Amino acid sequence: MKRTIINELLQQEDFDQKVLVKGWVRNRRGSKNVAFVAMNDGSCIHNIQVVVDFAKMGEEIMEKVSVGASLSVEGTLVASQGGGQKMEIIAEKLEVLGTADPDKYPLQPKKHSLEFLRDIAHLRFRTNTFGAITRIRHAMIFAVHKFFNDKGFYNIHTPIITASDAEGAGEMFQVSTLDIGNPPRDEEGEIDFKQDFFGKKTNLTVSGQLEAELAALAMGQVYTFGPTFRAENSNTTRHLSEFWMIEPEVAFNDLTDNMDLAEEMLKYMVKYALDNCTDDLQFLSKRLQDEEKTKKADERSMELIEKLRFVNDNDFVRLTYTEAINILRNSKPNKKKKFDYVIEGWGADLQSEHERYLVEKHFKKPVILVDYPKEIKAFYMRVNEDDKTVRAMDILFPGIGEIVGGSQREERLDVLLEKMKAMDIPEEEMWWFLDTRRFGTVPHSGFGLGFERLMLFVTGMGNIRDVIPFPRAPKQAEF
Ligand code: 4AD
Ligand code: MG
């Protein structure tokens, strides 16, 4: 007999048929002799109830059908007698595939803290919360590819090992096969990377953008969706050392086209989740509402599904960095010096407390900020006519802060060279990037969407370590 996935089984209208299901015990109620066993196989948030009469099934397995054990159950699917579920299986053949000692199995049917579950990330897939997050994560990955494929974009695999620092922030993990205890030295006594595996100093990529630009300047519309690595020592609920980034790059797009694309994409993702992840979103929403009850009324946030609909239905606010600085300078927390970083004037880098003030307190909507001071942004952004600002855009989301960072790129060779010199970016190492500006250069734009930040928004979770299966963060590389 073929196994039926629980998600498919629960769509059945056709009762009194024989079925075979396999999965893990989530809960067991009833008496010692007749048990109601809730089974889950990961296919959906719901369990199937199995009624087991041990007098018929064999008393030797009575103790073994415990929370966490894996079962194979053959039986008859019937309309349920009890409330709470539409159907159940009356077991006729039951095999315990793997036991789970109740004294040792860490996941009991009660509420575990997210911190505790982080320590057992190898098992947390077996909870409702992480099952829901994992399914939503899959749906969002699929939606990214669908969105771009439907628009005629090409997916590009950009390298993971690279010799360049795209963002110029120097937050890179080195890749080397040299003996770190005793590396070869050159005449000056410096480490001789010529003898390293790639014959030069290499690192894990912080962004696939530079290579995506190369592809865009021939293929027109491309995107990369890959892992990126940052060795910044920020132990926050919004930062990972290894995260996934979606980076579209489009030839002939200016900054407005870029904003339009990013806004359309974010709304598409949110709508896709609303349309395809209803059960899991409902579960997470309820979970959040229980959590919110412990907060003061004015600190509670919007209900999850309502919040997603709100973002999908409303235009994002678009304004310049200069306008944002004026709002922030005149804001209450700035005047009362409540911000950790008080905004003194134009040129200040925005911290996440400022971004969240704009989005959550001032506009109460997603915000796209453009035209940042050139000094605080990467070398590749196009300089505006004022020679003070660049065509950067950051998208700020409620509860998240920056979710997207992007720009129109500097396509003018002379301006780019001048800027690289000013920012100490070695020209000879970037010859290939500069060649695109030497031969058939065109205006072009792109952005990077942090996939886990999007996941935070869609799931309503509060810590980025809970929306990726195996988080990497300072001092954390278990599993
Ligand atoms: O703003 P960032 O640094 O932009 C770039 O890397 C550009 N090369 C993108 C481009 O134009 N193609 O990063 C983009 C996004 C951020 O807005 C944020 O959502 C996410 O990546 N991000 C992180 N997410 C998790 N952990 C971190 N440490 C992150 N750093 C950036
Ligand atoms: Mg950024």
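Residues numbered from 1 in each chain as written. Chains lettered and ligands numbered in written order. Predicted model: local features only at pLDDT ≥ 70, side-chain atom pairs only at ≥ 80, totals over all residues. Heavy atoms only, no water.

K.L.:
Which residues make up a nonpolar patch on the surface, and what are the values?
P.N.:
On the surface, a cluster of nonpolar side chains totalling about 400 Å² of accessible area is made up of Ile160, Ile161, Phe197 and Phe198. Mapped onto the fold, Phe197 is located in the loop between β8 (174-175) and β9 (202-204). According to the relative accessible area criterion, Phe197 is exposed, its value standing at 60%. (Patch = residues over 30% accessible without salt bridge, like charges linked within 9 Å, V, L, I, M, F, W, Y side chains within 5 Å. Areas by Shrake-Rupley, 256 points an atom, 1.4 Å probe, with all protein chains shown as cover. Salt bridge = Lys/Arg side-chain N within 4 Å of Asp/Glu carboxyl O. Helix = DSSP H or I, 4+ residues; strand = E, 2+ residues; numbered from the N terminus. Buried < 20%, exposed > 50% of the residue type's maximum accessible area, 1.4 Å probe, protein only.)

K.L.:
Describe the pairing of strand β1 (residues 18-30), with residues and values.
P.N.:
For β1 and strand β4 (residues 70-79), the ladder comprises 7 bridges, and the chain directions are antiparallel. Bridge pairing links Lys22 to Ser72 in β4. In this sheet, strand β2 (residues 34-40) lies alongside β1 in antiparallel orientation, the contact comprising 6 bridges. Residue pairing across strands places Val25 opposite Met39, the latter belonging to β2. With antiparallel pairing between neighbouring strands as the criterion, β1 and β2 make up a hairpin whose turn holds 3 residues. (Pairing = 2+ DSSP bridges.)

K.L.:
Describe the pattern of salt bridges, listing the residues and the values that go with them.
P.N.:
Applying the stated criterion to the full structure yields 31 salt bridges. Lys146 serves as the salt-bridge partner of Asp150, at 2.9 Å between the closest nitrogen and oxygen. Of the two residues, Asp150 and Lys146 both sit in helix α4 (residues 128-150), 4 residues apart, roughly one turn of that helix. By relative accessible area, which is 52% here, Asp150 ends up exposed. Across the salt bridge formed by Arg409 and Glu249, the nearest N and O atoms sit 2.8 Å from each other. Taken together, the residues Arg409 in the loop between β15 (401-408) and α12 (413-422) and Glu249 in strand β11 (residues 242-251) connect sequence positions 160 residues apart. Accessibility expressed as a relative area gives 2% for Arg409, which makes it buried. Looking at Glu249, the relative accessible area reads 1%, which means it is buried. Among the ionic contacts, a cluster of salt bridges with common partners joins Asp260, Glu263, Lys267, Asp315 and Arg318.

K.L.:
Any details on the site of ligand 1? Residues and values, ideally.
P.N.:
Taken together, 24 residues lie around ligand 1, and Glu167, Gln209, Glu247, Glu402 and Ile403 are the ones closest in. Here Glu167 contributes a side-chain N or O atom positioned 2.6 Å from a nitrogen atom of ligand 1. Summarising the interface, the protein chains cover 93% of the accessible area of ligand 1, which totals 630 Å² for the free molecule. Top element by residues in the shell around ligand 1 is β15. It accounts for 5 residues. Broken down by class, the residue content of the shell around ligand 1 amounts to 8 nonpolar, 8 polar and 8 charged. (Near = heavy atom within 4 Å. Polar contact = N/O pair within 3.5 Å; in protein donor to acceptor, adjacent residues only side chain to side chain. Nonpolar A, V, L, I, M, F, W, Y, C, P; charged D, E, K, R; others polar.)

K.L.:
Let's hear about the packing of aromatic side chains: which residues, and what values?
P.N.:
Tallying each qualifying case throughout the model produces 19 aromatic pairs. Taken together, a centroid distance of 5.5 Å and an interplanar angle of 40° make the contact between Tyr321 and Tyr372 tilted. In this pair, Tyr321 is assigned in helix α9 (residues 321-329) and Tyr372 in strand β13 (residues 367-373), connecting sequence segments 51 residues apart. Comparing Tyr321 with Tyr372, the two get one shared label, buried. With centroids separated by 5.5 Å and ring planes inclined at 75°, the aromatic side chains of Phe379 and Tyr380 adopt a geometry described as edge-to-face. Judged by relative accessible area, which is 3%, Tyr380 ranks as buried. (Phe/Tyr/Trp six-rings, centres within 6.5 Å; stacked < 30°, edge-to-face > 60°.)

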